[in-house]
Each structure stands twice: as C-alpha cells, then as structure tokens.
Amino acid sequence: MPPAIRAERLVKKYGEVTALDGLDLEVEEGTVMGLLGPNGAGKTTTVRVLTTLLEPDSGHAEVAGVDVLRRPQELRRRIGVSGQYAAVDEHLTGLENLVMVGRLYHLGAAASRARARELLEQFDLTAAADRQVKGYSGGMRRRLDLAGALVARPPVLFLDEPTTGLDPRGRVGMWDVIEDLVRGGTTLLLTTQYLEEADRLADRIVVIDHGRVIALGTADELKSHVGGERIEIVLHDAAQLATAREQAVGLGIGESTADERDRRLTIPVDGGSDDLVELLHRLGRAGVGISEAGLRRPTLDDVFLALTGHVAAEAETVDDEDGAA
Amino acid sequence: MSAIREAVSDSWVITGRNLRKIRRVPDLLVFTILSPIMFVLLFAYVFGNAIGSQDTGVDYQEFLIAGIFAQTVVFGATFTGYSLAEDLQKGIIDRFRSLPMSPSSVVVGRTVSDIGINVISLAVMALTGLVVGWRIRSSVLEAIGGFLLLLAFSFAISWIMASVGLLVRAPEVVNNASFIVIFPLTFIANTFVSISNLPGPLATFANWNPVSSVTQAARELFGNTDPRAPAPDVWSLQHPVLYTLIWVGIILTVFVPLSIRLYQRAASR
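Residues numbered from 1 in each chain as written. Chains lettered and ligands numbered in written order. Predicted model: local features only at pLDDT ≥ 70, side-chain atom pairs only at ≥ 80, totals over all residues.

(A) Representation of the overall build of chain A. For chain A, the count of helices and strands is twelve helices and 14 strands. Seen through its C-alpha atoms, chain A measures out along the principal axes to roughly 75 × 45 × 40 Å. A total of 325 residues make up chain A; the buried ones form 46% of that total. (Helix = DSSP H or I, 4+ residues; strand = E, 2+ residues; numbered from the N terminus. Buried ≥ 20, exposed ≤ 12 C-beta atoms within 10 Å, placed from the backbone.)

(B) Focus on the overall build of chain B. Helix and strand counts for chain B stand at eleven helices and zero strands. For 269 residues, the compact-globule formula gives about 18 Å, and the C-alpha radius of gyration of chain B, at 19 Å, lands near that figure. Here chain B, with 269 residues, has 47% of them falling under the buried criterion. (Rg over C-alpha atoms; globule rule 2.2 N^0.38 Å.)

(C) Examining the packing of helix 3 (residues 94–104) of chain A against helix 5 (residues 138–150) of chain A more closely. All names here are of chain A. Where helix 3 contacts helix 5, the axes come no closer than 9 Å and their chain directions differ by 25°. Between helix 3 and helix 5, the angle falls in the class roughly parallel. In this structure, the crossing between helix 3 and helix 5 has a hand that is right-handed. Facing Gly 94, Asn 97, Leu 98 and Val 101 of helix 3, the residues of helix 5 in contact are Leu 144, Ala 147 and Gly 148. Looking at the contact of helix 3 with helix 5 residue by residue, the classes come out as four nonpolar, three polar and no charged. (Axes fitted to C-alpha atoms, helices over the stretch in contact; angles between N-to-C directions. Parallel < 35°, antiparallel > 145°, perpendicular 65-115°, else oblique. Left-handed = near helix turned anticlockwise from the far one by under 90°. Contact = placed C-beta atoms within 7 Å. Nonpolar A, V, L, I, M, F, W, Y, C, P; charged D, E, K, R; others polar.)

(D) Looking closely at the nonpolar core. With 141 residues, the main nonpolar core has Phe69(B) and Ala218(B) as its most contacted residues. Of the residues forming this core, the biggest block, 17 residues, is contributed by helix 3 (residues 60–90) of chain B. Those residues in contact with Ala218(B), other than ones at most four positions away along the chain, are Ala66(B), Phe69(B), Ala70(B), Gly146(B), Leu149(B) and Leu150(B). Formed by twelve residues, the second largest nonpolar core is a distinct cluster that contains Ile231(A), Ala244(A), Ile267(A) and Val269(A). (Core = buried A, V, L, I, M, F, W, Y, C linked by C-beta atoms within 7 Å.)

(E) Quick look at the sheet that holds strand 6 (residues 79–82) of chain A. Residues and elements named next belong to chain A. With mixed pairing, the six strands of this open sheet are ordered in space as 6-7-8-3-9-10. Two strands lie at the open edges of the sheet, namely strand 6 and strand 10 (212–217), each paired on one side alone. Each strand of the sheet is rotated relative to its neighbour by a mean of 15°, with strand direction disregarded. As paired elements, strand 9 (residues 204–209) and strand 10 share five bridges and run antiparallel to each other. Bridged to Asp 209 within strand 10 is Arg 212. Running at roughly 100° to strand 10, helix 8 (residues 219–226) makes contact with strand 9 and strand 10 of the sheet. (Pairing = 2+ DSSP bridges.)

(F) Examining the domain arrangement of chain A more closely. Along its sequence, chain A is organised into domain 1 (5–223) and domain 2 (228–297). A straight line from the C-alpha centre of domain 1 of chain A to that of domain 2 of chain A covers 40 Å. (Domains from an automatic or database assignment.)

(G) Summary view of the confidence of the model for chain A. Residues and elements named next belong to chain A. Per-residue pLDDT for chain A has a mean of 86; in total, 95% of the residues score no lower than 70. Summarising per-element confidence for chain A, the mean pLDDT is lowest in helix 12 (residues 314–324) (37) and highest in helix 3 (96). In this model, residues 313–325 is a region of pLDDT below 50 whose contacts with residues beyond four sequence positions or in other chains number nine contacts. (pLDDT = per-residue confidence, 0-100.)

(H) Layout of the interface of chain A and chain B. In this complex, chain A contributes 24 residues to the contact, which on the side of chain B involves 18 residues. Elements represented by at least two residues in the side of chain A that touches chain B include exactly helix 2 (72–76) and helix 3 of chain A. A total of four residues in the side of chain A that touches chain B trace back to one element, the largest contributor, which is helix 3 of chain A. Looking at the side of chain A that touches chain B, its residues break down into eleven nonpolar, eight polar and five charged.

(I) Structural detail: the sheet that holds strand 2 (residues 17–27) of chain A. Residues and elements named next belong to chain A. The strand order across the open sheet built from four strands is 2-1-4-5, with neighbouring strands paired in antiparallel fashion. Sheet topology places strand 2 and strand 5 (66–67) at the edges, where each strand pairs with a single neighbour. Where strand 1 (residues 5–14) lies against strand 4 (residues 58–63), five bridges are found, and the strand directions are antiparallel. Bridge pairing links Arg 6 to Glu 62 in strand 4. Sheet strands in contact with helix 1 (residues 43–50) are strand 1, strand 2 and strand 4, and its direction is about 115° off that of strand 1.

(J) Quick look at helix 1 (residues 2–24) of chain B. Counted at 1.5 Å a residue, the expected span for helix 1 of chain B with its 23 residues is 33 Å, and the 33 Å between its end C-alpha atoms agrees. All of the buried residues along helix 1 of chain B are Asp10(B), Ser11(B), Val13(B), Ile14(B), Thr15(B), Arg17(B) and Asn18(B). At its buried positions, helix 1 of chain B is contacted by helix 3 of chain A together with helix 5 (105–131) of chain B. (Expected span 1.5 Å × (residues − 1).)

(K) Structural context of the pairing of strand 8 (residues 187–192) of chain A. All names here are of chain A. Judged by how many residues are buried, strand 8 sits mostly within the fold: six of six residues are covered. Across the two faces of strand 8 the burial is the same, with Thr 187, Leu 189 and Thr 191 and Leu 188, Leu 190 and Thr 192 all buried. Of the pairings in the sheet, the one linking strand 3 (residues 32–36) to strand 8 comprises five bridges and is parallel in character. For Val 32, the partnering residue across the bridge sits in strand 8 and is Leu 188.

(L) Unusual backbone geometry, seen in detail. Residue and element names in this part refer to chain A. One non-glycine residue, Arg 9, lies in positive phi territory at about 50°. Take Arg 9: it is sitting in strand 1. Residue classification places Arg 9 among the partly exposed residues on the basis of 14 C-beta atoms within 10 Å. Phi is positive for Arg 153, which is not a glycine, with a value near 45°.

(M) View of the packing of helix 3 of chain B against helix 5 of chain B. Residue and element names in this part refer to chain B. At a minimum axis separation of 9 Å, helix 3 and helix 5 run at an interaxial angle of 150°. When the axes of helix 3 and helix 5 are compared, the pair comes out roughly antiparallel. Regarding helix 3 and helix 5, the two cross each other, and that crossing is right-handed. Between helix 3 and helix 5, the residues in contact are Ile 65, Ile 68, Phe 69, Thr 72, Val 73, Gly 76, Ala 77, Phe 79, Thr 80, Ser 83 and Leu 84 and Arg 110, Thr 111, Asp 114, Ile 117, Asn 118, Ser 121, Leu 122, Met 125 and Gly 129, respectively. Residue composition of the contact of helix 3 with helix 5, by class: ten nonpolar, eight polar and two charged.

(N) Local environment of the environment of His281(A). Residues and elements named next belong to chain A. Its place among the elements puts His 281 in helix 10 (residues 272–285). According to the C-beta neighbour criterion, His 281 is exposed, with 11 such atoms within 10 Å. Sequence-wise, His 281 and Gln 247 are 34 residues apart; in three dimensions their C-alpha atoms are separated by 9.8 Å.

(O) Region of the structure containing the confidence of the model for chain B. Taken residue by residue, chain B gives an average pLDDT of 88. The fraction at 70 or more is 95%. In the model output, the complex is listed with pTM 0.82 alongside ipTM 0.86.

This is the structure we're talking about:
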C-alpha cells in the first residue's frame, strides 16, 4: 500500500532563511506521525506545503495518492487542516461556521447542516451551537476549528500544533478527541513542540530542525537510541549546582545538564542505581543539600536535547509547571 | 459547466457570510447607515446654506445629492479592502484556501456583498435626501439607471480595493492609505462644487476624473441638471454614462484577474 503522505526533498526559502532544506517524509495509511521540532524548525511550513497553502521552491509531494503541486484542487477534497490559530469566523455562530465549510466542500445545504450538527455533538459544542464564536473560549474555538477540518470526513488530516496555547485541561481534552479520531482509521500528521504530546499521540515521530529530518522512529526507538538512564537531582540551592556538576564528573556516559531555575541536574548514566548511590555519596561528602533524587528512563526531551543540542521550546518548562500544578 | 455552478454557489455562500456580519457588528451598521445620513444632513444644511446656489443652475441641495451618493459609494468600496485584509489577518482565509472551493469566490463574494452594503447606504441616503428636499425629476427607469451606474462604479472601485487589501494585509493601513487617495479624488470633482469654480489644473483633473462623470451621469439620470448651466464642454462630461462605463470596464479588466491572483498567492503568514 502506498504511503498516505509522501514528501521528497522539499525546499522552501524565504530570502536568506531556509525554512525547508530538503525535507523527506513518509506516513503510512492509518497511522499518526508526530512532526516534532522547536519553533522555526519548519513544522508549519511543511504542513502548509502539504495542504496546498504554500508552493515549495522544489521537491515533490503526494498526499492520499494525489500530487500536491499538480492537482491542488483535487487534493483539497481529501484532506482536513486545522492550524495553530483557529481559522473560524468570530461573527458567525458555531453552527454557521460548520455549515459554511460544508457548503464550500459542496456537500449541499441539507447535508452540510446535518454534518454540522453531528460534529457539534461530537465536540461537545451543541450548547454553544447558536452563539457567536467571539464568545467562545480558546479551547472551544480550537475544537470548532478541528470540527471544520473534519466536515468532509477526510482520509488524511493535518493538525498544526493543535494544543499550543491551551491550558492543561484543554490540552488533555484535545488529546482525547484526537485519539478517538485516529481510532477511526484517519491518517494524521501532527506537528508539536511538546514532546509529551508526540509521545502520547504519535505512532512514529520525525524530529526536524532547520528544515531537515534529524531523527525518525517510534518514541521508544528514539529513547533507546539515546541510551542509558537519567539521574535527576534537585538541589536545595541553585548556587551549589556547579559543585554538584564537578562531583558528577567521570560518573555518567555523557555531559550533565544543569537547569538553574529548577535547581535540577540531569546526568545520563548506564550503571543504574549503583551510579545513583555513588553520586549521592559524593554529594553528601561535598556538603551539597539535596531535595529530590531519582533515576528515570530518557524522555523525548532528552532525545531532543541529544539530537539538537538545545531544548524543544522555551514554553516547555512553563507547561511542565502547569502540568504539575 | 459544473465548475461555473460551483463558483457561483461558493461566491453566494461567502456573500451570505459577509452580509450576516452587517447585522452583528455595530460599527459596520454605523458605517453603512448612520454616516450616509450624517453626510446628507451636513452637506445639505452646512454647505448648502454657506455655498448657496452657485452657477449650478439648480437648487444646491439637489445639485449635491448625486455628489454625496458618488462619494459615499466610493468610500464604501474601501470596506472591500479592509475586510479582505482583516480576513487574512484573522486566518479564516487559510481555512478557505484549504477547501476545494472556486479560487475566485472569496473575492467575488466580498465585492458582491459590498454592493449589498452600498445598496443599503444608497437607499438610506435617498430617503434622507427626499426629506431634505431632493427630488427625482426624471423617469423611474432613468432613476434606476442612475442608481445602477453608481453601483457599477463602486463595484469597480471595490476590485481596486480588493487588490490593495490583499497586498497590504493590515486593515487599518488599507483604510488610512485609501483615504489619502479617495478624499482628493472625490473632492477634486464636480461632487460639491461646479468645476467652473476650480483653478486651471484642478479643473482639468476634475473634468477627466471618473468621479465627476459618474456624478454628472447620476445628476442627469435623476433630472437634477439645468439646461441653463450645462456641463463643461469636455467629452468625458458630455458623455458621462459612456465615459463612466469605459472606466468601469478598464478597472474590472485589470483588477479582477489581479485580485484573484493576489488572493491565491496570499499565504497569510
């Protein structure tokens, strides 16, 4: 079976800036692909090219068996797109928005109306159906936008950062909705800068940076690729981070990383709990005060850090705190 | 064949979406209804008394109504550019461009719904005009012709504004920039004063300004002219209907394809 999405050597430049630098991508039918990368990595540009919103400078792409560049209109019948910014009309009601989209898919007036009602029900928006969207919350707008992408029951769906800007509750709600959706067999390309999100929703993940694929695999494959485990120590006092780092020298299998704000030191190790005990001894002798210590499997954060040399997004740390609250 | 039917249906859906907004956005209602009333009253009572009947041959109230009509529909056309820029900014154009709809329909729907807005403005102004003493002194058919010509002219200007809006993408900038052009365009004309009162270069500009010709045409079609004060002896004002239609034709020929192209290229971010 041919892949539902295939992109080959996509290049897109904006003046000096190279947004896509020969990007290759394949997504099997009925699977969820997570496109992971920091801001400016080329995630949105990739989605815009694959959904006919942007023409690449060069390269080739096929979605749902349709050549993206040669038959854009034919492709638009077979895809749904929901963007980072909810593309809904504020002055129309939720119902009117979806009916309008249905009519523009040429479903006919009655079928558009029936489908709109169905989607409002599915996305828990029935009570707000006849209210203007300008009174909707961010999460409701996002759900309505996603509903808009599903009006024509497209076999291939593109979601560009579907939970960016949502509060933790809104995010979990959106994840449930997306999980229901892919259970029905829809092929999904999902971009995100949240590693947790890719971990939870995606069958396979491609990590991109500077418009190029730098890693590809399942979440587990990527994690084991990085190898070992992680010791995480949280200190009483961030001023002692440097001392703690010195004590850890020679212990791990790679460079340790320190996070001033969270007073956290992370050290990749392959000796399991023996390494943890040894480190605690050393820190105790050096008089470093410890408030938390533990051993864990690498997360996609670690994968990202190992691959790119920087963290996924500034927003990430903020959201971790939200999640813990 | 079905492509044409789809294009018509898509444009109609977009027109409906735009017209719903008139009822729901109060500023828009003010723009469409109150400001035309205000213009008629201000010009009729402030300018009307101050300027009096110059050598226009007819009562000034009657002289200036067609001018106010012309000015208002031209200003009304800026709304086309403003709205398209706003749609681009808010991201709804992204949704439209990802749908299998006819590529011309967003801009066609916009310009068509702005005719609707201008119809409302014209009706309100005509009623206000009747209240302050304006009369139609021609036949019903001619009067309808006058209104249709005003609408055709504003439809053409709408397409210019569509291109501006799609290029500029910032609604406020569209408004401010177009006012700088439209104010002189509607004032250096026969809208509020007789061209014979204008100094040389301005008179030449006014003679060939299509705003003058559409105003002159409307005056003639409403029967608001006086044979004792004929229009300036230039071809444009001696054949104002034809001259206006030539402008409408040229503008549409250039700006319809241009606007549709710009729309297709307008990746909104």
